[in-house]
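Given next are the chains, with one letter for each unit.
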Amino acid sequence: YYLGRIQYNAGNYTESIITYSKAEELIDAVEDDFNKGLLYAQLGILHRKYYDYQNSLNCYNKAQEYYYNSNHIPHLYFTKLNIGQLYHERKDYKLAESLYIEALRWAHENDYYILGQEAFKQLLLNFANLFKVKTILSLAVILTVCILTFKNVVSVEAFMAIASAIITYYFTKKEKEE
């Protein structure tokens, strides 16, 4: 597993997928479900890099199962984000949105900042593609600050309303400039 991770970090994706695939052949010898989840999550990421969405989704689903069995719930929700990104890449924005909101809601309820930030960022990028916004970075920064500032006060629905208001403002401003 770790050799595959080093290869991945070095940008050697083909070598990495070969190493992970060899590790997968030995998966039955591994007793720790968390480590199995890590392996399958990485395989899912690599298959997605090569646009092999079906194998990617299969690996992500296995990773979720192992994370659930090992009670590593944050990893399960990070994998949901990965699945959301997969659907986003396939332009299935509605399904991606539902996964991002599910992860954002869990992060909010469990005070898990990093997951919340990433889920919110992905949700904004999803909105940007859905509505053809070209400069989403400033919106992402504003809304990330909002989620960090108001995480104990504002609900997921309120964050969604904020995102909607800012996106509406952006379009109104853009239309006036044109």
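Scroll up to find the structure.
Residues numbered from 1 in each chain as written. Predicted model: local features only at pLDDT ≥ 70, side-chain atom pairs only at ≥ 80, totals over all residues. Heavy atoms only, no water.

### Notes on the nonpolar core
One finds Y40, L43, Y67, Y77, Y87 and L115 to be the most contacted residues of the largest nonpolar core, which totals 41 residues. If sequence neighbours within four positions are ignored, L43 has contacts with I17, Y20, S21, E24 and C59. (Core = buried A, V, L, I, M, F, W, Y, C linked by side-chain atoms within 4.5 Å. Buried < 20%, exposed > 50% of the residue type's maximum accessible area, 1.4 Å probe, protein only. Contact = heavy atoms within 4.5 Å.)

### A short note on unusual backbone geometry
Look at N71: it is not a glycine, yet its phi comes out positive at around 60°. Examined against the element boundaries, N71 turns out to sit in the loop between α4 (53–69) and α5 (73–89). Look at N71 and you get exposed, because its relative accessible area is 60%. The backbone phi angle of K91 is positive, close to 65°, even though this residue is not glycine. Among the secondary structure elements, K91 is positioned in the loop between α5 and α6 (93–109). Residue classification places K91 among the exposed positions, given a relative accessible area of 60%. (Helix = DSSP H or I, 4+ residues; strand = E, 2+ residues; numbered from the N terminus.)

### What to know about the pattern of salt bridges
With the rule as written, the count across this model stands at 3 salt bridges. With its nearest N and O atoms 3.0 Å apart, the salt bridge here joins E89 to R48. Of this pair, E89 sits in helix α5 while R48 sits in helix α3 (residues 33–49), placing them 41 residues apart in sequence. The exposure class assigned to E89 is partly exposed, which follows from its relative accessible area of 34%. With relative accessibility at 14%, the residue R48 sits in the buried group. Here K80 makes a salt bridge to E102, at a shortest N to O gap of 3.3 Å. Here the residue K80 occupies a position in helix α5, and E102 occupies one in helix α6, the gap between them amounting to 22 residues. (Salt bridge = Lys/Arg side-chain N within 4 Å of Asp/Glu carboxyl O.)

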